[in-house]
Amino acid sequence: MKRNAIAFWGFALLFLAAILLSAQFVANEYWFFAGYVILQFIVLSVAWSILGGYAGYVNFGTSAFFGVGVYTAVFLVSAIGAPLALQIAVAAIVGAVMGFAVGLLTLRMQGIFFSIATIAVTIVVETTVTNWRSLGGAAGIQIQRPPVTAPFHSYVQMLVFVQALLVVLSVAISRYIQNSWIGRGLQALRDDELAAECTGVPTLRLKMTACVISGALMCAAGAPGAMYLQYADPASAFNLNYSVSVLAMALIGGTAHWIGPVIGAILLGVTQQLLTVTISSEVNVLVLGVMLVLFVVGAPEGIIGLFRKGRRSEGKA
Amino acid sequence: MTAGDTTLAPLLRIGALTKRFGGFTALDNVSVDIRPGERFGLIGPNGSGKTTLINCISGAFRTDPATVVFNGEDITRLPPHVRTRRGIARSFQIPRPFRSMTVIENLMVAADFTSATHLRLTAEAHRDQAMAILREMGLAAKAEARVTGLSQVELRKMELARAMATRPKLLISDEAMAGLSGSEVDEVLDLLLKLAGESITIIMIEHIMQAVMRFSERIMCLDAGRIIAIGQPSEVMANARVQEAYLGT
């Protein structure tokens with residue numbers, strides 16, 4: 001256990017150091033633009049997996065949380081010129097509150113009913129923002145980046161580092177949950193909610209906790225997106241593609257272990273970037289769909305499911 | 001007889017409990033006291049309301065105030081997990097194990113969420129407790145096995161073990177012997193008798209007559225949501241209405 005923790009944090013530090021160093025040695029800005037998107041997807045799918053994976057509540061509302069994160073940042077910048085750290089912190093709080101509210105409204109529903117309710121939430125939130133004049137409404141809103149500080153050469157490089165910090169944070173939280181009694185409770189209620197209740201698991205409270213944490217992380221992941229694009233509009237901030245991509249990443253990676261959504265996000269994120277550059281940004285949606293179907297049929301427990309199966313059969317031999 | 005002392009306050013009091021589903025009355029004005037340490041048999045034909053009664057006691061169904069009083073406390077407003085912590089545990093008619101876990105992990109869930117000190121006790125301490133219960137249930141060899149690989153009788157025992165891991169005062173066994181062979185029925189029955197010997201109050205729902213007769217100090221027979229007989233096993237069996245409704249003569 002202890003050795004695992006040292007390895008984990010050592011790797012996390014190495015990862016952050018590598019991102020920092022890359023800002024000194026990599027000249028081509030494209031890598032940072034692409035890297036940012038992939039890191040953002042890692043945070044989103046790890047956050048999604050806390051509710052969708054551990055608890056088994058399939059949430060189609062990722063884009064609602066992500067978009068609210070973006071617009072929280074937009075609002076803070078245009079209203080008081082808030083710095084990036086404040087934008088992210090406030091977005092996380094807003095996300096937690098929103099997770100609590102959505103959870104309260106929807107978590108008593110099970111299975112497909114919960115999923116449908118989360119889609120409805122996305123539409124409600126998007127419609128609200130679309131009609132919010134001071135946030136630009138349907139036409140969108142432009143914002144200015146402040147000047148960047150050393151050691152970064154560009155604002156996007158800094159955003160990549162910030163998103164990398166969020167990756168470490170979200171993975172650490174997800175890993176903690178998985179190894180703690182919260183994780184065991186979520187796993188129990190995913191297997192059988194009534195049996196979990198009758199074994200002493202406070203299912204509603206645990207689901208709410210998962211929804212709050214998941215929502216906070218999703219909103220936090222969205223917040224730097226405003227500065228990344230210097231522009232926000234409801235149709236792209238609340239694009240249902242985020243919900244679908246994130247769900248696909250988590251499921252393809254596998255949701256039984258925290259590393260699953262990380263692997264899935266890297267694999268699909270890189271694939272999407274390659275396809276966007278080489279063919280077109282529309283094709284990647286198609287590829288996503290095909291991969292999801294292949295995995296659901298061939299490896300329902302995702303990539304880590306494949307690994308575990310391999311290890312288990314080795315152990316028996 | 002030490003168990004089921006009539007002078008003690010009841011552990012569980014069902015008071016004028018009526019449960020309706022739309023126009024259908026599943027339980028009609030059911031009142032019964034279960035005494036501490038009692039071995040209580042609950043019988044009745046299919047659809048007579050046995051499992052509904054269990055669901056009302058364990059909290060899966062909500063009921064009117066004061067209809068379910070446990071240990072002197074009205075528990076009708078408490079959700080199931082709080083009732084479990086108060087000391088009510090159950091097994092399910094159709095086993096509901098946590099399928100993604102091993103046998104011992106199933107028990108660890110109970111240990112994690114029912115011990116008041118669950119944050120302080122180490123995982124090893126929980127594991128030792130769970131192992132002790134598995135040993136008592138004769139499941140120690142299967143501790144690390146996946147529940148999906150268990151036989152029917154092992155699954156039944158696992159459910160009882162998981163219920164025991166919540167350290168209950170009252171254990172409700174909902175047809176734990178259904179679908180088992182003759183020798184397996186005896187195994188589970190011996191287990192339940194052993195648990196009763198550890199001063200746990202047990203309500204046993206069962207269709208296997210010889211098991212209910214051997215186990216129970218008192219039997220209650222339900223038919224169409226009403227109590228048609230309650231008392232000593234021999235009395236209940238001799239009751240004409242029981243024979244008509246349940247034994248189908």
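Residues numbered from 1 in each chain as written. Chains lettered and ligands numbered in written order. Predicted model: local features only at pLDDT ≥ 70, side-chain atom pairs only at ≥ 80, totals over all residues. Heavy atoms only, no water.

Caption draft 1: Inspection of the sheet that holds strand E2 (residues 24-34) of chain B at higher detail. Residue and element names in this part refer to chain B. Strand order in this open sheet of four strands is E2-E1-E4-E5, and the pairing throughout is antiparallel. This sheet does not close on itself; its edge strands, each paired only once, are E2 and strand E5 (73-74). Its contacts with the sheet put helix H1 (residues 50-58) on strand E1 (12-21), E2 and strand E4 (68-70), and the angle it makes with E1 is roughly 115°. (Pairing = 2+ DSSP bridges. Helix = DSSP H or I, 4+ residues; strand = E, 2+ residues; numbered from the N terminus. Contact = heavy atoms within 4.5 Å. Axes fitted to C-alpha atoms, helices over the stretch in contact; angles between N-to-C directions.)

Caption draft 2: Just the sheet that holds strand E6 (residues 88-90) of chain B, in detail. All names here are of chain B. If you trace the six strands from one edge of the open sheet to the other, you get E6-E7-E8-E3-E9-E10, paired in mixed fashion. Looking at the sheet topology across the chains shown, the edges are occupied by E6 and strand E10 (226-231). Each strand axis lies, on average, 20° off the axis of its neighbour in the sheet, ignoring direction. Examined bridge by bridge, strand E3 (residues 39-43) and strand E9 (residues 218-223) share four bridges and lie parallel to one another. The residue bridging Gly-41 from the neighbouring strand is Ile-219, located in E9. Set on the sheet, helix H5 (residues 152-164) makes contact with E6 and strand E7 (170-174); between it and E7 the angle comes to about 160°. Most of the contacts of helix H6 (residues 182-197) go to strand E8 (residues 201-205), to which it runs at about 155°, and overall it touches E3, E7 and E8.

Caption draft 3: Quick look at the pattern of salt bridges. Here the structure, examined in full by the defined rule, presents 16 salt bridges over all chains. Through salt bridges with shared partners, a single ionic network connects Arg-35, Glu-38 and Arg-218 of chain B. (Salt bridge = Lys/Arg side-chain N within 4 Å of Asp/Glu carboxyl O.)

Caption draft 4: Quick look at the interface of chain A and chain B. On the side of chain B, 24 residues touch chain A, which itself brings 19 residues to the contact. When the two sides are added together, the surface that chain A and chain B hide from each other amounts to roughly 1900 Å², 62% of it contributed by carbon and sulfur. On the chain A side of the interface with chain B, the three residues burying the most area are Trp-181, Cys-198 and Thr-199 of chain A, jointly 31% of the side's total. Counting across the interface, chain A meets chain B through two salt bridges. (Buried area = accessible area lost by both parts, 1.4 Å probe.)

Caption draft 5: Layout of the packing of aromatic side chains. Using the criterion set out here, one finds 12 aromatic pairs over all chains in the structure. Here Tyr-57 of chain A and Phe-114 of chain A contribute two aromatic rings whose centre-to-centre distance is 5.1 Å and whose plane-to-plane angle is 80°, an arrangement assigned as edge-to-face. In this pair, Tyr-57 of chain A is assigned in the loop between helix H2 (29-54) and helix H3 (62-80) and Phe-114 of chain A in helix H5 (residues 112-130), connecting sequence segments 57 residues apart. We note that Tyr-57 of chain A, like Phe-114 of chain A, is buried. Judged by centre distance (5.5 Å) and plane angle (70°), the rings of Trp-181 of chain A and Phe-113 of chain B are edge-to-face. Separated into two different chains, Trp-181 of chain A in helix H7 (residues 181-191) and Phe-113 of chain B in helix H3 (residues 103-114) make up a pair that spans both. Residue classification places Trp-181 of chain A among the partly exposed positions, given a relative accessible area of 24%. Classification of Phe-113 of chain B as buried rests on a relative accessible area of 1%. By the ring-pair criterion, three or more aromatic residues cluster together here, those being Phe-8, Trp-9 and Trp-258 of chain A. (Phe/Tyr/Trp six-rings, centres within 6.5 Å; stacked < 30°, edge-to-face > 60°. Buried < 20%, exposed > 50% of the residue type's maximum accessible area, 1.4 Å probe, protein only.)

Caption draft 6: Main features of the state of the cysteines. In the structure shown here, the tally under the stated rule is zero disulfides over all chains. Considering cysteine sulfurs only, Cys-56 of chain B is the nearest to Cys-198 of chain A, which forms no disulfide, with 12 Å between them. Using a relative accessible area of 5% as the deciding quantity, one classes Cys-198 of chain A as buried. Residue Cys-221 of chain B stays outside any disulfide, its sulfur separated by 18 Å from that of Cys-56 of chain B, the closest cysteine. We classify Cys-221 of chain B as buried; its relative accessible area is 0%. (Disulfide = S-S within 2.5 Å.)

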